[in-house]
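One letter stands for each residue in the lines below.
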Amino acid sequence: RTSHQRIDSPRGSRSRAPLLVLAAKGKGGDKKGGSKKGVSALAGLMKKKQEAEEAKASVAQPGSERASPEQYRDPEVRGLLFALATSYFQATKKYLVDGVDLEQLPDALFNANFVLLSHDRFLEGVTDPVFTYANKAALELWDTDWDTLIGMPSRKSALDDPEVQKDRQALLDKAAATRAGVITGYDGWRVSVAGKKFKIKDVTLFNILDFGGDKIGQAAVFDKYELEDGTEVQVKGGAWEAPQVELPPTEADVAAAATAVEEQAAAVRQLKEAQGLTNQDPEVQAAVAELKARKERLERLRHMQEEALAAAESAFEGADSS
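Residues numbered from 1 in each chain as written. Predicted model: local features only at pLDDT ≥ 70, side-chain atom pairs only at ≥ 80, totals over all residues. Heavy atoms only, no water.

### Considerations on the side chain of T132
Thinking step 1. Inspection of the secondary structure assignment puts T132 in strand β2 (residues 131-134).
Thinking step 2. Residue classification places T132 among the buried positions, given a relative accessible area of 17%.
Thinking step 3. A distance of 2.7 Å separates polar atoms of two side chains, one belonging to T132 and the other to S118. (Helix = DSSP H or I, 4+ residues; strand = E, 2+ residues; numbered from the N terminus. Buried < 20%, exposed > 50% of the residue type's maximum accessible area, 1.4 Å probe, protein only. Polar contact = N/O pair within 3.5 Å; in protein donor to acceptor, adjacent residues only side chain to side chain.)

### Some details on helix α7 (residues 162-177)
Thinking step 1. Across its 16 residues, α7 extends 22 Å between first and last C-alpha, which sits within 8% of the 22 Å expected from 1.5 Å per residue.
Thinking step 2. All of the buried residues in α7 are V164, Q165, R168, L171, L172, A175 and A176. The buried residues of α7 occupy one face: seen down the axis, they fall within an arc of 135°. Of the exposed residues in α7, those oriented more than 90 degrees away from the buried face are P162, E163, K166, K174 and A177.
Thinking step 3. Where α7 is buried, its residues contact β1 (115-119), β3 (182-191), β4 (197-209) and β5 (215-222).
Thinking step 4. For α7, the N-terminal cap is D161; the gap from its side-chain oxygen to the backbone nitrogen of E163 is 3.0 Å. (Expected span 1.5 Å × (residues − 1). Arc of directions from axis to C-beta. Contact = heavy atoms within 4.5 Å.)

### Side note on the nonpolar core
Thinking step 1. Counting residues in hydrophobic clusters, the biggest one holds 50 residues, and the most contacted among them are L109, V115 and Y133.
Thinking step 2. Looking at this core element by element, the count peaks at 7 residues for helix α3 (residues 75-92).
Thinking step 3. Listed in part, the 12 residues of the second largest apolar core include V254, A257, L291 and L298. (Core = buried A, V, L, I, M, F, W, Y, C linked by side-chain atoms within 4.5 Å.)

### Let's talk about a negative patch on the surface
Thinking step 1. A contiguous patch of negative charge, built from D160, D161, E163 and D167, is present on the exposed surface.
Thinking step 2. Within the element layout of this structure, D167 appears in helix α7. (Patch = residues over 30% accessible without salt bridge, like charges linked within 9 Å, V, L, I, M, F, W, Y side chains within 5 Å. Areas by Shrake-Rupley, 256 points an atom, 1.4 Å probe, with all protein chains shown as cover. Salt bridge = Lys/Arg side-chain N within 4 Å of Asp/Glu carboxyl O. Lys, Arg positive; Asp, Glu negative; His and termini not counted. Charge placed at Lys NZ, Arg CZ, Asp CG, Glu CD.)

### A look at the pairing of β4
Thinking step 1. Of the pairings in the sheet, the one linking β3 to β4 comprises 7 bridges and is antiparallel in character. Within β4, the residue paired with R190 across the bridge is F198.
Thinking step 2. Linking β3 to β4, which pair antiparallel, is a turn of 5 residues; within it G195 sits at a positive phi near 95°.
Thinking step 3. Alignment of β4 against strand β6 (residues 224-227), held across 4 bridges, turns out to be antiparallel. Residue pairing in the sheet places K199 in a bridge with E226 of β6.
Thinking step 4. Pairing of β4 with β5, which is carried by 6 bridges, proceeds in the antiparallel orientation. Its bridge partner lying in β5, F206 is registered against A219.
Thinking step 5. What sits between the antiparallel neighbours β4 and β5 is a turn of 5 residues, in which G213 has the positive phi angle 90°. (Pairing = 2+ DSSP bridges.)

### Some remarks on the packing of aromatic side chains
Thinking step 1. Applying the stated rule across the entire model yields 7 aromatic pairs.
Thinking step 2. Where F82 meets F211, the ring centres are 5.8 Å apart and the plane angle is 40°; that geometry is what we call tilted. Of the two residues, F82 is situated in helix α3 and F211 in the loop between β4 and β5; the sequence distance between them amounts to 129 residues.
Thinking step 3. Judged by its relative accessible area of 80%, F211 is exposed. (Phe/Tyr/Trp six-rings, centres within 6.5 Å; stacked < 30°, edge-to-face > 60°.)

### Examining the environment of R300
Thinking step 1. With respect to the secondary-structure elements, R300 resides in helix α9 (residues 282-321).
Thinking step 2. Expressed as a C-alpha distance, the spacing of R300 and V254, which sit 46 residues apart in the sequence, is 9.5 Å.

### Examining unusual backbone geometry
Thinking step 1. Unlike most non-glycine residues, F122 shows phi in positive territory, near 90°.
Thinking step 2. The residue F122 is located in the loop between β1 and β2 in this model.
Thinking step 3. What makes F122 partly exposed here is its relative accessible area of 27%.
Thinking step 4. Its identity as a non-glycine residue notwithstanding, D143 has a phi of 55°, on the positive side.
Thinking step 5. Tracing the sequence through the fold places D143 in the loop between α5 (136-141) and α6 (146-149).

### Some points on the pattern of salt bridges
Thinking step 1. Considering all chains together, one arrives at 9 salt bridges under this definition.
Thinking step 2. Residue R121 pairs with D173 through a salt bridge whose shortest N-O separation is 2.9 Å. Here R121 is found in the loop between β1 and β2, whereas its partner D173 is found in helix α7, with 52 residues between them in sequence.
Thinking step 3. With a relative accessible area of 32%, D173 lands in the partly exposed category.
Thinking step 4. Here E226 and K201 are joined by a salt bridge, their closest N and O atoms 3.3 Å apart. Linking E226 in strand β6 with K201 in strand β4, this pair joins segments that are 25 residues apart in sequence. No difference in accessibility class separates E226 from K201, as the two residues are buried.
Thinking step 5. Through salt bridges with shared partners, a single ionic network connects K201, E226 and E232.

Here it is in structure tokens:
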């Protein structure tokens with residue numbers, strides 16, 4: 001299973017206080033079978049309490065971990081996200097996230113300032129599609145965690161109401177039958193794992209295609225929703241920024257660095273030959289230090305250029321052999 005790698009997220013637990021049952025004796029002593037009635041009542045109470053705690057445990061508590069990096073960075077999930085992001089661009093001519101590479105994609109999408117979900121419709125044998133991916137905003141909106149949502153039938157994200165389910169299914173079918181594979185501007189009521197109702201707004205639904213162009217699922221993305229009282233909420237993302245990546249130098253960069261070294265070397269010679277200064281003079285020492293710094297920069301640029309060329313050659317060799 002991205003999606004979505006499945007991680008165990010810690011769930012809070014509460015210690016149970018011992019339950020004391022006091023049975024009052026009636027006049028004339030205990031009645032026959034009275035102790036059994038007390039035990040039966042206690043068992044029923046304990047069972048109800050356990051069921052309530054189990055139901056509560058299925059809902060991620062505020063502040064708890066929704067998903068671990070191991071889950072949303074899993075290689076299988078990474079592959080799904082690449083297909084998802086590529087399909088979105090093909091359908092809308094827009095980027096889900098801009099300025100990130102394949103390595104950064106899982107973190108960028110998980111912490112994005114929009115809700116992103118996918119399920120496995122179209123896969124062979126699938127009659128009741130299940131969720132294959134949900135980012136942090138989606139997990140928070142549905143009041144749950146990765147372990148609970150991933151693998152859950154996606155129909156359960158909507159109210160168990162014939163009209164609501166019919167409306168949802170019609171949307172999915174329409175996207176599936178559309179040549180472009182995308183539906184925009186959809187609004188519809190949904191329900192969280194905890195039972196909270198909300199309306200997702202201006203949803204874009206699109207088909208996910210693999211490298212061969214075959215449909216492998218559908219995904220939905222939106223950045224606002226409405227509460228039952230009419231309050232509209234803008235989705236907020238997590239704290240993630242794309243790391244600054246230093247691009248490999250161009251031939252012009254290396255040539256400019258080499259010219260800078262030559263110019264500084266000439267300046268050092270001028271100080272010594274034309275002015276008669278020596279290595280003990282401060283002016284020469286400063287010029288030599290600058291020359292050393294420029295040489296180090298030149299070497300670093302040449303090394304980066306060599307690494308970039310080696311990586312490109314390796315990529316081409318891998319493509320030829322596949």
